[in-house]
Amino acid sequence: MSTPGSPVIGVLALQGDVREHLTALAAADAVARPVRRPEELAEVDGLVIPGGESTTISKLAHLFGLMEPLRERVRAGMPVYGTCAGLILLAEKILDPRSGQETVGGIDMIVRRNAFGRQNESFESAVAVTGVEGGPVEGVFIRAPWVESVGAGVEVLAEHKGHIVAVRQGAALATSFHPELTGDHRMHALFGDMVRTARSEGVRVGAP
C-alpha cells in the first residue's frame with residue numbers, strides 16, 4: 001500500500017510478468033503503473049523492465065515508439081530495474097544476440113542470454129545480495145542470463161556459482177532472477193529507495 005509521497009514507478013508492460021511486478025512494487029510502498037506509451041513513461045519516477053523474451057520486448061518497444069524515449073531517460077539518469085530479460089535489455093552488449101535484437105543500455109556489462117539453461121532447467125536458489133538486509137533473497141532463475149563481465153563503474157551485488165547475477169551502476173539495477181515471483185519484496189524496496197534518492201536530487205530525473 002502506497003503512502004503520500006510514494007514514488008511513481010512504472011513497469012514496462014509490453015510483454016512478460018508485468019502484473020507480478022506491479023503487485024511487488026505496491027507492496028514496497030510505491031505507486032505502480034503499467035507503461036506502454038511514451039506519455040506514460042514521462043509520468044513515472046522510475047521504471048522496471050520485467051522478465052519475458054528480450055527480443056520480443058525490444059521489437060515491441062520500437063513498435064510502440066518507446067525505445068528512443070527509454071534510452072533518453074535512462075541516459076538522463078532515470079532509475080531503472082531490469083529482471084532477467086530486463087537485465088539483457090540494460091546491457092551495453094549481448095554476446096549472443098538474435099538477429100535485429102537491440103538493447104536500451106545503461107549498464108556497462110556484457111551478458112549471455114539463456115546462460116543458465118532452457119525452460120526445463122529453471123531453478124530456485126538463495127542469493128545473498130549486497131545492500132539487501134535480512135539474509136539471502138530467493139532467486140527464481142527461468143532461462144536466466146548471467147553477466148559475463150562488467151566495466152569499472154559497475155558494482156557486482158551478487159553471484160551464483162561464480163557467475164554474476166545482480167549488478168548496479170548509478171541509478172540502474174539488474175538481476176538475472178525474478179524476485180517478483182517469490183513474495184519477498186526486498187529487491188523492489190531497494191529499487192524504491194533508489195528512486196526516492198534520485199527524486200530527492202531532482203524530481204522525475206530525465207523527464208521532459
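The residue numbering used here restarts from 1 in each chain and proceeds along that chain's sequence as written. Where totals are concerned, whole chains, interfaces and linings use all residues; where local detail is concerned, this predicted model gives features only for residues with pLDDT of at least 70, and gives and counts side-chain atom pairs only at 80 or more. To get the side-chain values, all heavy atoms of the structure are used, and hydrogens and water are removed first.

Points about unusual backbone geometry
Although it is not a glycine, Asp-29 sits at a positive phi angle of roughly 65 degrees. The topology assignment puts Asp-29 in the loop between helix H1 (18-27) and strand E2 (31-35). Unusually for a residue other than glycine, Arg-143 sits at a positive phi of about 45 degrees. For the purposes of this entry, the term helix denotes a DSSP run of H or I that reaches at least four residues, the term strand denotes a run of E that reaches at least two, and both are numbered from the N terminus. By the element assignment, Arg-143 lies in the loop between strand E8 (137-141) and strand E9 (146-150).

A closer look at the UniProt feature "active site" (unreviewed entry) in the protein
UniProt positions are given in the numbering used here, feature names are shortened, and annotations may be inferred rather than shown by experiment. The feature "active site" (unreviewed entry), as given by UniProt, occupies Cys-84, His-178 and Glu-180 in the numbering adopted here. Taken together, the annotated residues stretch across 97 residues yet fold into one region, lying no more than 11.1 Å apart by C-alpha. If you take the residues mentioned a moment ago, the ones lining the largest pocket come down to Cys-84 and His-178. Structurally, Cys-84 can be placed in the loop between strand E4 (80-83) and helix H5 (85-90). Per-residue accessibility, obtained with a 1.4 Å probe over protein chains only, is compared with the maximum for each type, and a residue is labelled buried under 20%, exposed over 50%, and partly exposed between these values. Overall, the relative accessible area of 5% leaves Cys-84 in the buried class. Residue contacts follow a heavy-atom distance rule, with two residues in contact if any of their heavy atoms lie within 4.5 Å. Discounting chain neighbours no more than four positions away, the residues touching Cys-84 are Gly-51, Ile-142, Arg-143, Ala-144, Pro-145, Thr-175, Ser-176, Phe-177 and His-178. Site definitions follow a grid-based scheme: protein atoms alone, a 1 Å grid, a 1.4 Å probe that fits but cannot get out for cavities, and for pockets an open set with protein on both sides within 12 Å along at least five of seven lines, plus lining residues having an atom within 4 Å of a point.

Side note on empty space enclosed by the protein
Grid points are joined across faces, edges and corners, and a volume is the space filled by probe spheres set on the points. On inspection of all chains with the given rule, the structure shows one cavity of 30 Å³ or more. What the largest cavity holds in volume is close to 30 Å³. Along the walls of the largest cavity sit Phe-116, Gly-117, Arg-118, Glu-121, Ser-122, Phe-123, Phe-141, Arg-143 and Ala-144, which together make up its complete lining. Class assignment of the residues belonging to the lining of the largest cavity gives a composition of four nonpolar, two polar and three charged. Ten residues, namely Ala, Val, Leu, Ile, Met, Phe, Trp, Tyr, Cys and Pro, are considered nonpolar, four, namely Asp, Glu, Lys and Arg, are considered charged, and the remaining ones, Gly among them, are considered polar.

Brief notes about the nonpolar core
Only buried Ala, Val, Leu, Ile, Met, Phe, Trp, Tyr and Cys residues count toward a nonpolar core, and they belong to the same one when joined by side-chain atoms within 4.5 Å. Formed by 33 residues in total, the largest nonpolar core has its most connected members in Leu-41, Ile-107, Met-109, Val-111 and Val-167. It is H5 that provides the largest number of residues to this core, a total of five residues. Met-109 has contacts with Leu-87, Leu-90, Ala-91, Glu-92, Lys-93, Val-147, Ser-149, Val-150, Val-167 and Ala-174, leaving out every residue within four places of it along the chain. Of all hydrophobic cores here, the second largest spans 29 residues; its members include Val-11, Val-48, Val-165 and Phe-177.

Regarding the pattern of salt bridges
Note on definitions: salt bridges are taken to be side-chain nitrogens of Lys or Arg within 4 Å of carboxyl oxygens of Asp or Glu. For the structure shown, the criterion picks out eleven salt bridges. Between Glu-68 and Arg-71 there is a salt bridge; the shortest N-O distance is 2.6 Å. One end of the pair is Glu-68 and the other is Arg-71, both in helix H4 (residues 67-75) and three residues apart, which spans about a single turn. Using a relative accessible area of 15% as the deciding quantity, one classes Arg-71 as buried. Two residues, Glu-102 and Arg-71, come together in a salt bridge whose shortest N-O distance is 2.8 Å. Highlighted residues: Glu-102 in the loop between strand E5 (91-94) and strand E6 (107-112) and Arg-71 in helix H4, separated in sequence by 31 residues. What you see here is one network of salt bridges that share partners, running through Asp-29, Asp-193 and Arg-196.

Quick word on the side chain of His-188
Mapped onto the fold, His-188 is located in helix H6 (residues 186-201). Reaching out from His-188, the side chain makes a polar contact with the side chain of His-21 at a distance of 2.9 Å. Those residues in contact with His-188 that sit more than four places away from it in its chain are His-21, Ala-24, Leu-25, Ala-28, Pro-179 and Glu-180. Think of a polar contact as two N or O atoms within 3.5 Å of one another; within protein, one of them needs to be a possible hydrogen donor and the other a possible acceptor, and neighboring residues in sequence only count if both atoms come from side chains.

A look at the pairing of E2
Two strands are counted as paired when DSSP detects at least two bridges linking them. Sheet analysis places strand E1 (residues 8-12) next to E2, joined by five bridges and oriented parallel. Paired with Ile-9 across the strands is Ala-32, a residue of E2. Every crossover in which the path from the first strand over the helix to the second runs clockwise, viewed with the strands pointing away from the viewer, is termed right-handed. Each parallel crossover has a hand, and the one from E1 via H1 to E2 is right-handed.

A word on the packing of aromatic side chains
For any pair of aromatic rings, geometry is given as the distance between the ring centres together with the angle between the planes. Here a Phe, Tyr or Trp ring, Trp counted by its six-membered ring, pairs with any other such ring whose centre lies within 6.5 Å, and the pair is stacked when the planes are under 30 degrees apart, edge-to-face when over 60, and tilted otherwise. Under the counting rule described, the total for this entry stands at six aromatic pairs. Between Phe-116 and Phe-141, the aromatic rings sit 5.3 Å apart at their centres with planes inclined by 65 degrees, giving edge-to-face as the arrangement. Of the two residues, Phe-116 sits in the loop between E6 and strand E7 (123-127) while Phe-141 sits in strand E8, which places them 25 residues apart along the sequence. Each member of the pair, Phe-116 as well as Phe-141, carries the same accessibility label: buried. An aromatic cluster is present here, built from Phe-116, Phe-123, Phe-141, Trp-146 and Phe-177 joined pairwise through their rings.

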